[in-house]
Amino acid sequence: MMRQAGRYLPEYREIRAKHAFLEVCKTPQLAVEVSIQPFRRLGVDAVIVFSDILIPAEAMGLQLELGDAGPNLPNPVRSELDVDRLKIFDPEEKTGFLPEAIRRIVKSVGPEVPVLGFAGAPWTLACYMVEGKAKEGFSTVKSFLYHEPKIFRTLLHRIAQATIPYLKAQIAAGAAAVQLFDTWCGELNFPEYVEFALPAVQEIIGGLGGSVPVIYYTKASQHLLSAVARSGANVLSVDWRVDLAEIRKTLGSKIALQGNVDPAVLLAPPERIRDVTLATINSLAGHGHILNLGHGILQNTPVENAHLFIETGQRPLIQHARPAAQVR
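Cut-offs used in this document
- Residues numbered from 1 in each chain as written.
- Predicted model: local features only at pLDDT ≥ 70, side-chain atom pairs only at ≥ 80, totals over all residues.
- Heavy atoms only, no water.
- Axes fitted to C-alpha atoms, helices over the stretch in contact; angles between N-to-C directions.
- Helix = DSSP H or I, 4+ residues; strand = E, 2+ residues; numbered from the N terminus.
- Parallel < 35°, antiparallel > 145°, perpendicular 65-115°, else oblique.
- Left-handed = near helix turned anticlockwise from the far one by under 90°.
- Contact = heavy atoms within 4.5 Å.
- Expected span 1.5 Å × (residues − 1).
- Bend = angle between axes of the 7 residues up to and from the residue.
- Buried < 20%, exposed > 50% of the residue type's maximum accessible area, 1.4 Å probe, protein only.
- Nonpolar A, V, L, I, M, F, W, Y, C, P; charged D, E, K, R; others polar.
- Pairing = 2+ DSSP bridges.
- Disulfide = S-S within 2.5 Å.
- Core = buried A, V, L, I, M, F, W, Y, C linked by side-chain atoms within 4.5 Å.
- Salt bridge = Lys/Arg side-chain N within 4 Å of Asp/Glu carboxyl O.

1. Regarding the packing of helix H3 (residues 28-42) against helix H7 (residues 97-109)
Step number 1: The geometry of H3 relative to H7 is characterised by a closest axis approach of 9 Å and an angle of 45° between their N-to-C directions. One element, H3, and the other, H7, form an angle in the oblique class. By crossing handedness, the relation of H3 to H7 is classed as right-handed. Taking contact as the criterion, the partners of Pro28, Gln29, Ala31, Val32, Ser35, Ile36 and Phe39 in H3 are, on H7, Phe97, Glu100, Ala101, Arg104, Ile105, Ser108 and Val109.

2. Structural notes on H3
An α-helix turns once per 3.6 residues; consequently, residues spaced three or four apart project the same way.
Step number 1: When the terminal C-alpha atoms of H3 are compared, their 22 Å separation across 15 residues agrees well with the 21 Å that a helix rising 1.5 Å per residue should span.
Step number 2: In H3, a bend of some 30° at Ile36 exceeds every other bend along the element, and Pro38, a proline, comes one to four places later.
Step number 3: Those residues of H3 that fall on the buried side of the exposure criterion are Pro28, Leu30, Ala31, Val32, Val34, Ser35, Ile36, Gln37, Pro38 and Leu42.
Step number 4: Looking at the packing, one finds that the buried side of H3 touches helix H1 (10-16), helix H2 (21-26), strand E1 (47-48), H7 and helix H15 (303-314).
Step number 5: Just downstream of H3 lies Gly43, where phi reads positive at about 70°.

3. Here's the deal with the packing of helix H9 (residues 139-147) against helix H10 (residues 149-172)
Packed helices, taken two at a time, are described by the angle between their axes plus the distance between the axes.
Step number 1: Here H9 crosses H10 at 120°, and the two axes come no closer than 5 Å. Contact residues: Val141, Phe144, Leu145, Tyr146 and His147 in H9; Pro149, Ile151 and Phe152 in H10.
Step number 2: The residue makeup of the contact of H9 with H10, split by class, is seven nonpolar, one polar and no charged.

4. Considerations on helix H8 (residues 122-131)
Step number 1: Within H8, 10 of the 10 residues are buried, leaving the element largely enclosed by the surrounding structure.
Step number 2: Where H8 is concerned, the buried positions are Pro122, Trp123, Thr124, Leu125, Ala126, Cys127, Tyr128, Met129, Val130 and Glu131.
Step number 3: The positive-phi residue at the C-terminal boundary of H8 is Gly132, with phi of around 95°.

5. Some points on the sheet that holds strand E9 (residues 289-293)
Step number 1: Sheet architecture is open: seven strands sit in the order E1-E4-E5-E6-E7-E8-E9, paired in parallel fashion. Bordering the open sheet on either side are E1 and E9, each of which pairs with just one other strand.
Step number 2: Examined bridge by bridge, strand E7 (residues 235-238) and strand E8 (residues 256-261) share three bridges and lie parallel to one another. If you follow Leu236 over to E8, its bridge partner there is Leu257.

6. Details of the state of the cysteines
Step number 1: For the coordinates displayed, the defined rule picks out zero disulfides.
Step number 2: Free cysteine: Cys127, not disulfide-bonded; nearest cysteine sulfur from Cys185 at 9.5 Å.
Step number 3: Overall, Cys185 belongs to the buried group, its relative accessible area being 0%.

7. Observations regarding the nonpolar core
Step number 1: Of all hydrophobic cores here, the largest spans 119 residues; its most connected members are Trp123, Met129, Phe152, Leu155 and Tyr193.
Step number 2: Ranked by residues supplied to this core, first place goes to H10 with 11 residues.
Step number 3: Apart from residues lying up to four places away in sequence, Trp123 is in contact with Val141, Leu145, Phe152, Leu156, Asp182, Trp184, Cys185, Leu188 and Ala197.

8. Concerning the pattern of salt bridges
Between side chains of opposite charge, a pair can form as their charged atoms come close.
Step number 1: Enumeration over the complete set of coordinates arrives at 11 salt bridges.
Step number 2: For Arg41, the salt bridge identified is with Glu11, shortest N-O distance 2.7 Å. Here Arg41 is found in helix H3, whereas its partner Glu11 is found in helix H1, with 30 residues between them in sequence.
Step number 3: Among the salt bridges present, the one from Glu92 reaches Arg103, with a minimum N-O distance of 3.5 Å. Of this pair, Glu92 sits in helix H6 (residues 91-94) while Arg103 is found in helix H7, placing the two residues 11 residues apart along the sequence.
Step number 4: Judged by its relative accessible area of 41%, Glu92 is partly exposed.
Step number 5: One salt-bridge network, held together by shared partners, links Glu92, Glu100, Arg103 and Arg104.

It is worth stressing that arrangement in space is one thing and function is another; only the former is reported here.
And the structure:
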């Protein structure tokens, strides 16, 4: 489901009515509850720990505000001095609430249910850290990259070096796999991605040493996928804009694929949800594929539609699916 906990669940909204977003992230008891809610309600196959990709930015020394209007970092990174100030933090000391939440989730759901940890990929985290918030075009971060490429590489390296122990702490706490979210990599052209973003992702994945599978999510990245496949990730997670069968032909069978139902499809009538879900499964014939949405579930998704998506994916009904051409 990519983003399992969210405002589409009434039980989540009840908690958020009483507690701020960051408070939920930093309070293990609350983080455990909202992490398990989709598992309890929908019967998903794995549990994603509730957190936010900007938690490490705060631990590195930046002020962080997280609310329903989106993230805000009032003192963004704009100079070499700002980069030098960023700390490589002890994850148990600065973000111990996250591995503690994972430990509690693992204990609650048992050894048969995988628990997933995650972090933001360096380029995407840098976009927020330099801009201060999500901003169309990311003009400030690109200006930084163009005018000070050496310093910008240092920033990406610093983020990677902080992310490695952050993910290792999640793995030590019991995460069966971890996911890197590169939501904004599609803002880069191919040479920029290869020169800047990809080496930092490779640094993280190499630093984890293959201890658990790594899923690498890239959004709006069709022009980058041949390079993305060189990241070292075990699973490439893609958005709904690309054809899974075409990616499989292009990249071969050495990397698993995750995705890629359009989250908006879960607003459709039940038959459409079933058809698209089964067509997505059939496009890869089930080989090396994790059924998932192509981005986070929309907050106005009816709970019954989310359940139908999960239920359809878990049923052995592949032979009854309509041909993909009828539902694309």
